[in-house]
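The residues making up each chain are set out below.
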Amino acid sequence: MVRSREPRYRGAMSTDTSAPTAATGGGGHYGVPGMSVEDSTAVATILQDRLHALNDLALTLKHVHWNVVGTHFIGIHEMLDPQVKAVRKMVDTVAERIATLGQSPVGTPGALVTARSWDDYSVGRAGAIEHMGALDLVYTGVITDHRAGIDATETLDPITNDMLIGQSTDLEQFQWFVRAHLENSAGELSTGGAKHESEAAQLAEAGEGESS
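Parameters and conventions
Residues numbered from 1 in each chain as written. Predicted model: local features only at pLDDT ≥ 70, side-chain atom pairs only at ≥ 80, totals over all residues. Heavy atoms only, no water. Helix = DSSP H or I, 4+ residues; strand = E, 2+ residues; numbered from the N terminus. Expected span 1.5 Å × (residues − 1). Buried < 20%, exposed > 50% of the residue type's maximum accessible area, 1.4 Å probe, protein only. Salt bridge = Lys/Arg side-chain N within 4 Å of Asp/Glu carboxyl O. Axes fitted to C-alpha atoms, helices over the stretch in contact; angles between N-to-C directions. Parallel < 35°, antiparallel > 145°, perpendicular 65-115°, else oblique. Left-handed = near helix turned anticlockwise from the far one by under 90°. Nonpolar A, V, L, I, M, F, W, Y, C, P; charged D, E, K, R; others polar. Polar contact = N/O pair within 3.5 Å; in protein donor to acceptor, adjacent residues only side chain to side chain. Contact = heavy atoms within 4.5 Å. Phe/Tyr/Trp six-rings, centres within 6.5 Å; stacked < 30°, edge-to-face > 60°.

**Overview of helix α1 (residues 37-67)**
Then, number 1: Between its first and last C-alpha atoms α1 spans 45 Å; for 31 residues at 1.5 Å apiece the expected length is 45 Å, and the two agree.
Then, number 2: Across the 31 residues of α1, 23 count as buried, placing the element largely inside the fold.

**Concerning the pattern of salt bridges**
Then, number 1: Taken as a whole, this structure holds 7 salt bridges when the rule is applied.
Then, number 2: A salt bridge links R50 to D49, with the shortest nitrogen-to-oxygen separation between them at 3.1 Å.
Then, number 3: Judged by its relative accessible area of 0%, R50 falls in the buried class.
Then, number 4: Given the relative accessible area of 6%, D49 is considered buried.
Then, number 5: For D56, the salt bridge identified is with R116, shortest N-O distance 3.6 Å. You can see D56 sitting in helix α1 and its partner R116 sitting in the loop between α3 (109-115) and β4 (126-127), a full 60 residues away along the chain. Each member of the pair, D56 as well as R116, is classed as buried.
Then, number 6: Residues joined in a network through salt bridges with shared partners are D56, R116 and D120.

**Concerning the packing of helix α4 (residues 128-153) against helix α5 (residues 158-179)**
Then, number 1: Their axes nearest at 9 Å, the elements α4 and α5 cross at an angle of 160°. The orientation of α4 relative to α5 falls into the category roughly antiparallel. The chirality of how α4 crosses α5 is left-handed.
Then, number 2: Partitioning the contact of α4 with α5 into residue classes produces 12 nonpolar, 9 polar and 4 charged.

**Concerning the side chain of N161**
Then, number 1: As for its placement among the helices and strands, N161 is situated in helix α5.
Then, number 2: Within the structure, the side chain of N161 is placed 2.6 Å from the backbone oxygen of I150, a separation counted as a polar contact.
Then, number 3: When residues no more than four places from it in sequence are discounted, the contact partners of N161 are I150, T153 and E154.

**Here's the deal with α5**
Helical geometry note: an α-helix holds 3.6 residues per turn, so side chains three or four residues apart project in the same direction.
Then, number 1: Taking 1.5 Å of rise per residue, 22 residues should cover 32 Å, and α5 covers 31 Å from first to last C-alpha, within 8% of that figure.
Then, number 2: Buried-residue contacts for α5 involve α1, α2 (73-100) and α4.

**Describing the packing of aromatic side chains**
Then, number 1: One pass over the structure, following the stated rule, counts 1 aromatic pair.
Then, number 2: With a centroid separation of 5.5 Å and 40° between ring planes, the pair formed by W176 and F177 is classed as tilted.
Then, number 3: Since its relative accessible area comes to 53%, W176 is described here as exposed.

Coordinates in, geometry out; function isn't part of it.
Right under this line is the structure:
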């Protein structure tokens, strides 16, 4: 059964076994001057969840890139590669920030699957508009939880906070590109109210048929 996209941000109190671990082997804490070990660990835990979500997003975007078909194929196919490149850069930036905080970023596939609260992207080979409907929900999940991370780091670490704000700016623009394929002139989405990727894909396809 396909689940809806669940919140991707779990917060600083996560006890997940894939949370980052201290990089120091003993003695003094290796981290950012002026930040306590407790604050560094809390921020790194927030960022580890963002790292999993961004790694997942990069793979999902590439999956769509490979599986999109139909009359809008080339436009969507070529639109997605710059997004993949930008998200992969975000992955590297988040991982290096975790390391800078004195923690060990976890980027293995097994850790991602164990820690995530969402299922794999559920649409395979399908039309461009169907994929845009499903991908819109993916972006909604990532952006919502990036914003939660922004709220959680506002007082803990302004550097991390600024990084997440910058990434959210790009992520929200990418979602705008996706939504432009689902939107009418009144700003209404053909997928409005969809809770699952498969449902959004079906609504998007139906909306395209009605407008043609």
